[in-house]
Amino acid sequence: MNLLTGWSRRKSYAPLALRLVVRRSEIGLTLLAALIGALGGVGVVIITRLTLLAHSVFYNLDNGGRLSGLKSLPLWRCLVVLGLGGLVIGVFGLWITQVMKRNAVDPIEANALHGGKMSVRDSLIVVIQTLISNGVGASIGLEAGFTQIASAIGSRIGQAFRVRRQDLRMLVGAGAAGAIGSAFDAPIAGAFYAFELVIGTYSISSLCPIAVASITGLGVTRLFGGLHNEVKIPLLSSMKWHDSLGVACLSIICALMAIVIMYGVTQSEGLFRRIPGPAWSKPLWGGLIVGLIAAGSPSVLSSGHEAMRLVLEGRYLTSLSLLLLVAKAVSSSISIGSGFRGGLFFASLYLGSLAGVGFGAILAPYDLAPVNETMCALIGMSAMAVAVIGAPMTIICMILEMTGQVSIGGAVILAAVLSLLTTRRLFGYNFATWRFHLRGESIRSPIDIGCIRSLTVQSLMRDHIRSLHPSVTVLQAQALYPLGSGHRIILIDEEGRYGGMVSIVDLHSCHDEEKMIGALAAWKNAMLTPQMNIKEAAKLFMKFEADALVVVEDYISCIAVGQLTESYTLRRYAAELDRSRRELAGEDRLSV
């Protein structure tokens, strides 16, 4: 680990000539994004092949079979593999917490707070944890590992070329685009994944690099023979107007189910935290519980690629779909809640297909859902995945690319839109931002707010203040600070504690010359602290309706250290927002 730490801290840069090509030319930046996308594709191939190898070894699979497509598994094997796998995850996690002082930064957090800077070393740790978790069959996906390492590679290469901040954020998105495009054989979906979830917006300047990265990532996986079996579904008819009500009802129900699942993950985490015993033992218990469920239905294991393919091809009994939905949802919640590493990306697609078929069978006799089971499955996939992932265009393109049937576009779009509206109105988060919220972070998207957070009150305030003791008389204060000498006086006692603020205009409007100026003080309880960022300061100015506020060391001591005006704060805030807007639109890029 010391060797890795030393390597990760060593600064290495590309030759100056190459750096200039990338910095000055959009073509050079696009070629760099293509390289990152290709490396992301290589990462996807390696991770997938290692996981499939682990499945074959641990579960004795023959002829390249997929774990979630098995009809049965021995109970002892499920308990042994998942139990021991959970124990390995727990011990490995304990070791990591002792040697690493920070958690790995994921692509969304990196682009929102850190200007696109990620650690390859930390990301490799995430990949190893994801490999172990999925390799033993935990009910979670590999996509978190795919995007983590691909984005980290993009960040590291971007730093080696010393690209601009906005370009570094874009290269992080290029890595994610290459990973998702190659993982799902869907380059358009990979590009939209980068725009919606990693970069936060679409712009003309980022279109070429992101699109090329997604295509090269897919090209690499196809060069190695591809990753998944082709999904063969019957030709579906396009949606008619009278089908809209059924699509809407099914979409809203699936979105509500997604909210329940996301909330269930949180409850599962809380439950495992309350279980007595050391933290490293929690994945062991989680693995054993998932093993018991998997013995009844192996379709809950791993991501569920083969199980979802069987659902779309109509090979599962409709009557079992809701039972499998509950089993998969519980297994995924327990896997994540107990400490296995992974996400719900592909799991949400499989869960959605089950929910669509199950609830569709219930609603179809009342003309509240399409009669075709495959159509119900695709609508459920759209609604569930959009609610969990929070990327409607990504999911729309992914389903259309996976099925190759443009005729169902209307139904898929309607399902995605209604799911997004339902989730935003009733829950307010997708799975990633919900996790940030539980950690106390206010990140709602990958939009770059790192610069705004770095603009603190301490960096903006004036440490020179006009101050007087509250016991000074009005006559004395008027003599010391005549009209035109400033705008306000800060009242400070003998210990330096803040006691309010007096406007010089109000001071000279007072005719009681013997009155102490402490009686004229306003905003006694309105204070800023140096650690506040500019956005928080702007909110306090609006709350207290003040033109200026004093800055104190903290709210306990109330020692005055400076002051800050609302006009300057808003001017700097507007300038930073305008800079961010220009970067997103690509207006600051110099093309030659």
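Residues numbered from 1 in each chain as written. Predicted model: local features only at pLDDT ≥ 70, side-chain atom pairs only at ≥ 80, totals over all residues. Heavy atoms only, no water.

1. Some remarks on the sheet that holds strand β1 (residues 467–468)
As a general point, the strands of a sheet are linked pairwise by backbone hydrogen bonds and lie either parallel or antiparallel.
Point 1. Spatial ordering of the open sheet is given by β1-β2-β3, a layout of three strands whose pairing is mixed. Strand pairing shows two members of the sheet lacking a second neighbour, β1 and β3 (498–503), which therefore form its edges.
Point 2. In this structure, strand β2 (residues 488–492) lies alongside β3, joined through four bridges in antiparallel fashion. From the neighbouring strand, R488 faces β3, where its bridge partner is S503. (Pairing = 2+ DSSP bridges. Helix = DSSP H or I, 4+ residues; strand = E, 2+ residues; numbered from the N terminus.)

2. Structural notes on the pairing of strand β5 (residues 548–552)
Point 1. Most of β5 sits out of view: five of its five residues are buried.
Point 2. With two bridges joining them, strand β4 (residues 527–528) and β5 adopt parallel strand pairing. If you follow M527 over to β5, its bridge partner there is V550.
Point 3. Chirality of the crossover, the property in question, places the unit of β4, helix α24 (residues 534–544) and β5 among those that are right-handed.
Point 4. Looking at chain direction, β5 and strand β6 (residues 560–565) are connected through five bridges and run antiparallel. When the sheet's bridge partners are listed, L549 is paired in β6 with L564. (Buried < 20%, exposed > 50% of the residue type's maximum accessible area, 1.4 Å probe, protein only. Right-handed = clockwise from strand over helix to strand, strands pointing away.)

3. Re the packing of aromatic side chains
Point 1. Enumeration over the complete set of coordinates arrives at nine aromatic pairs.
Point 2. Between F92 and W95, the ring centres sit 5.9 Å apart and the planes meet at 40°, which makes this aromatic pair tilted. With F92 and W95 both in helix α4 (residues 75–99), this residue pair falls three residues apart, about one helical turn.
Point 3. Overall, the relative accessible area of 17% leaves F92 in the buried class.
Point 4. The structure contains a cluster of three or more aromatic residues connected by ring pairs, namely F184, Y193, F345 and F346.
Point 5. Above the ring of Y13, the side-chain terminus of R162 is found at 4.8 Å from the ring centroid. (Phe/Tyr/Trp six-rings, centres within 6.5 Å; stacked < 30°, edge-to-face > 60°. Lys NZ or Arg CZ within 6 Å of the ring centre and 35° of its normal.)

4. Quick word on helix α16 (residues 373–389)
Point 1. The terminal C-alpha atoms of α16, which comprises 17 residues, lie 24 Å apart, in line with the 24 Å expected from a rise of 1.5 Å per residue.
Point 2. Across the 17 residues that make up α16, a large majority, 16, are buried.
Point 3. Its side-chain oxygen at 2.9 Å from the backbone nitrogen of T374, N372 defines the N-terminal cap of α16.
Point 4. Phi turns positive one or two residues past the end of α16, at G390, with a value near 80°. (Expected span 1.5 Å × (residues − 1). Polar contact = N/O pair within 3.5 Å; in protein donor to acceptor, adjacent residues only side chain to side chain.)

5. Some points on the state of the cysteines
Point 1. Across all of its chains, the model carries zero disulfides by this definition.
Point 2. With no disulfide of its own, C208 has C397 as its nearest cysteine by sulfur position, at a separation of 17 Å.
Point 3. According to the relative accessible area criterion, C208 is partly exposed, its value standing at 46%. (Disulfide = S-S within 2.5 Å.)

6. Considering the pattern of salt bridges
Point 1. Scanning all chains against the criterion turns up six salt bridges.
Point 2. Linking D167 and R164 is a salt bridge whose minimum nitrogen-to-oxygen distance equals 3.7 Å.
Point 3. With relative accessibility at 7%, the residue D167 sits in the buried group.
Point 4. Here R222 and D185 are joined by a salt bridge, their closest N and O atoms 2.9 Å apart. Linking R222 in helix α10 (residues 204–223) with D185 in the loop between α8 (165–183) and α9 (187–199), this pair joins segments that are 37 residues apart in sequence.
Point 5. In this structure R222 comes out as exposed when scored by relative accessible area, which is 54%. (Salt bridge = Lys/Arg side-chain N within 4 Å of Asp/Glu carboxyl O.)

7. What to know about the sheet that holds β5
Point 1. Read across the sheet, three strands follow the order β4-β5-β6 without closing on themselves; strand pairing throughout is mixed. In the strand order of this sheet, the two ends are held by β4 and β6, each with one partner.

8. Notes on unusual backbone geometry
Point 1. Residues other than glycine seldom take positive phi values, yet N60 does so here, at roughly 55°.
Point 2. If you trace the backbone, N60 turns up in the loop between α3 (26–59) and α4.
Point 3. Even without glycine at this site, E545 takes up a positive phi of about 50°.
Point 4. Tracing the backbone through its elements, the reader meets E545 in the loop between α24 and β5.

From the geometry alone we can't say anything about function, so treat these as descriptive.
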